[in-house]
Amino acid sequence: MELRQLGKTDLKVSPLCLGTMQWGWTADEGEAGQTMDAFVAAGGNFIDTADIYSNWVKGNHGGVAEEMIGRWMKERGNRDQLVVATKLRGKMWDGPDGEGLSRSHVMRAAEDSLRRLQVDTIDLYQTHWPDTSTPIEETLRAFDDLIKAGKVRYIGASNYSAELLQEAIDVAERENLPRFATLQPNYSLVKRREFEGGPMPICEKEGIAVIPYSPLAAGFLTGKYRAGRTVRSARRERTNEYMNERGFAVLEVLDRVAEAHSVAPAAVALAWLLANPVIAAPIAGANSPEQLADQLPAIDLRLTPKEVEELTAISASF
């Protein structure tokens with residue numbers, strides 16, 4: 001697997017990033033370890049998590065995914081071969097500054113993530129979503145201190161509108177503060193308008209590397225959700241907006257292109273993203289090595305211009 005430069009950083013990452021929202025939710029620690037092993041064995045080196053994963057699960061206090069990754073890296077002794085990204089913003093403790101992007105929350109959350117991950121430095125530290133109650137300058141100054149202390153290498157953002165992303169860029173330039181090197185938007189064949197009509201032009205202009213999350217639309221683009229088919233999945237409800245004539249039309253084209261290349265539809269959906277120069281590494285989600293195996297061929301899959309055009313056209317209404 002050939003590594004690529006992550007935007008304006010010195011980090012070199014695999015073309016797919018392994019997401020870990022499912023650790024402690026739909027995948028237990030054994031399954032998580034097996035999936036991370038398979039990812040690394042295939043040449044992957046980029047792992048993304050967040051401090052809140054997965055505190056929506058009963059009995060999960062948050063930080064569980066980071067803890068699993070930390071134990072796995074320690075057991076394998078492979079920290080130096082990986083690019084580790086995590087996020088902050090959600091509620092992690094009760095009381096003042098238990099959530100958000102205030103300086104107080106940023107500094108404590110960073111220390112907590114470093115401890116759970118069992119690392120000295122977070123390669124990419126990202127705001128999970130904006131905090132409009134905190135001035136962006138306050139957040140960036142906290143990040144600046146973390147970078148100067150060697151606890152963070154680069155910073156990124158997730159779920160930022162074009163306006164907020166531009167504000168962050170302007171403040172960083174004016175105050176000589178760190179700039180966001182990456183952006184994590186919700187972006188896929190069936191989720192396009194928000195990113196393409198929003199921050200994508202800024203990312204292209206500013207050299208911000210894009211790491212799309214949910215690139216398979218909660219599993220819809222794997223092809224397992226079809227009309228008249230019942231699928232038991234924790235994410236089933238998140239696919240309801242695609243279970244219609246428009247969504248099934250996209251699946252028809254995915255099926256045809258996948259068959260032509262002898263790969264799974266998931267690989268084609270990811271390859272369509274990777275055909276866009278602004279995309280650095282879609283975040284692949286998998287509960288097992290078997291699920292991951294359907295996605296890995298995207299790395300070497302080169303869609304023809306006609307196939308990219310057809311997929312782009314059929315999904316234009318999204």
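Use the structure listed above.
Reading the values: the criteria
- Residues numbered from 1 in each chain as written.
- Predicted model: local features only at pLDDT ≥ 70, side-chain atom pairs only at ≥ 80, totals over all residues.
- Heavy atoms only, no water.
- Pairing = 2+ DSSP bridges.
- Helix = DSSP H or I, 4+ residues; strand = E, 2+ residues; numbered from the N terminus.
- Contact = heavy atoms within 4.5 Å.
- Axes fitted to C-alpha atoms, helices over the stretch in contact; angles between N-to-C directions.
- Core = buried A, V, L, I, M, F, W, Y, C linked by side-chain atoms within 4.5 Å.
- Buried < 20%, exposed > 50% of the residue type's maximum accessible area, 1.4 Å probe, protein only.
- Parallel < 35°, antiparallel > 145°, perpendicular 65-115°, else oblique.
- Nonpolar A, V, L, I, M, F, W, Y, C, P; charged D, E, K, R; others polar.
- Right-handed = clockwise from strand over helix to strand, strands pointing away.
- Left-handed = near helix turned anticlockwise from the far one by under 90°.
- Salt bridge = Lys/Arg side-chain N within 4 Å of Asp/Glu carboxyl O.
- Phe/Tyr/Trp six-rings, centres within 6.5 Å; stacked < 30°, edge-to-face > 60°.
- Lys NZ or Arg CZ within 6 Å of the ring centre and 35° of its normal.

Taken together, eight strands build an open sheet; the order of strands is E9-E8-E7-E6-E5-E4-E3-E10 and the sheet is parallel. Edge strands, defined here as strands with exactly one partner in the open sheet, are strand E9 (209-210) and strand E10 (283-284). Of the pairings in the sheet, the one linking strand E4 (residues 46-48) to strand E5 (residues 83-88) comprises three bridges and is parallel in character. Paired with Phe46 across the bridge in E5 is Val83. Contacts from helix H1 (residues 29-41) reach strand E3 (17-19) and E4 within the one sheet, and its direction differs from that of E3 by about 175 degrees. Where helix H4 (residues 136-148) meets the sheet, it contacts E5, strand E6 (122-127), strand E7 (152-158) and strand E8 (180-184), and its direction lies at approximately 155 degrees from that of E7.

One finds Phe180 and Leu221 to be the most contacted residues of the largest nonpolar core, which totals 90 residues. If you tally residues by element for this core, the top one is helix H9 (residues 265-274), at nine residues. When residues no more than four places from it in sequence are discounted, the contact partners of Phe180 are Thr127, Ile136, Leu140, Phe143, Ile155, Gly156, Ala157, Tyr160, Leu165, Ala168 and Ile208.

Attention shifts here to unusual backbone geometry. Residue Tyr53 is joined to Ser54 through a cis peptide bond whose omega torsion reads -10 degrees. Tracing the backbone through its elements, the reader meets Ser54 in the loop between E4 and helix H2 (64-76). A positive phi angle, close to 60 degrees, is found at Ser262, a residue other than glycine. By secondary structure assignment, the location of Ser262 is in the loop between helix H8 (245-261) and H9. The exposure class assigned to Ser262 is exposed, which follows from its relative accessible area of 68%.

Right, let's get into the packing of H8 against H9. In the contact formed by H8 and H9, the axes pass within 8 Å of each other and the chain directions differ by 100 degrees. Classified by the angle their axes make, H8 and H9 are roughly perpendicular. Facing H8, whose interface residues are Leu254, Asp255, Val257 and Ala258, H9 presents Pro265, Val268 and Ala269. A class-by-class count of the residues in the contact of H8 with H9 yields six nonpolar, no polar and one charged.

Attention now moves to the environment of Arg115. The residue Arg115 is located in helix H3 (residues 103-117) in this model. Spatially, the C-alpha atom of Arg115 lies 8.5 Å from that of Gly70, the residues being 45 residues apart in sequence.

Right, let's get into the pairing of E7. Counting buried residues along E7, five of its seven residues qualify, which places the element largely inside the surrounding structure. Considered for its hand, the β-α-β crossover made up of E6, H4 and E7 is right-handed. Bridging between E7 and E8 involves four bridges; their strand directions are parallel. If you follow Ala157 over to E8, its bridge partner there is Leu183.

Time to look at the packing of H8 against helix H11 (residues 305-314). At their nearest, the axes of H8 and H11 sit 9 Å apart, and the two run at 165 degrees to each other. By the angle between their axes, H8 is roughly antiparallel relative to H11. Helix-helix and strand crossings are classified by hand; for H8 and H11 the assignment is left-handed. Only Glu307, Glu310, Leu311 and Ile314 of H11 make contact with H8, whose side of the interface consists of Ala249, Val250, Val253, Leu254, Arg256, Val257, Ala260 and His261. For the contact of H8 with H11, a count of residues per class yields eight nonpolar, one polar and three charged.

Before going further, it helps to spend a moment on the pattern of salt bridges. Scanning all chains against the criterion turns up 21 salt bridges. Taking the shortest distance from any N to any O, the salt bridge between Asp48 and Lys87 comes out at 2.6 Å. Of this pair, Asp48 sits in strand E4 while Lys87 is found in strand E5, placing the two residues 39 residues apart along the sequence. A salt bridge links Asp123 to Arg153; the nearest nitrogen and oxygen atoms lie 3.5 Å apart. With a gap of 30 residues between them, Asp123 in strand E6 and Arg153 in strand E7 connect regions that are remote in the sequence. Connected via shared salt-bridge partners are Asp10, Arg79, Asp123 and Arg153.

Attention now moves to the packing of aromatic side chains. Applying the stated criterion to the full structure yields nine aromatic pairs. Centre to centre, the rings of Tyr53 and Trp56 are 6.0 Å apart; their planes meet at 75 degrees, and the pair counts as edge-to-face. Among the residues examined, Tyr53 registers a relative accessible area of 8% and is labelled buried. Ring geometry for Tyr187 versus Phe195: centroids 4.8 Å apart, planes at 55 degrees, classification tilted. Cluster of aromatic residues (ring-pair linked, three or more members): Phe220, Tyr242, Phe248 and Phe318. Just above the ring of Trp93 sits the side chain of Arg108; from NZ or CZ to the centre is 3.9 Å. Across from the ring centre of Phe318, 4.2 Å away, lies the NZ or CZ of Arg246, which sits over that ring.

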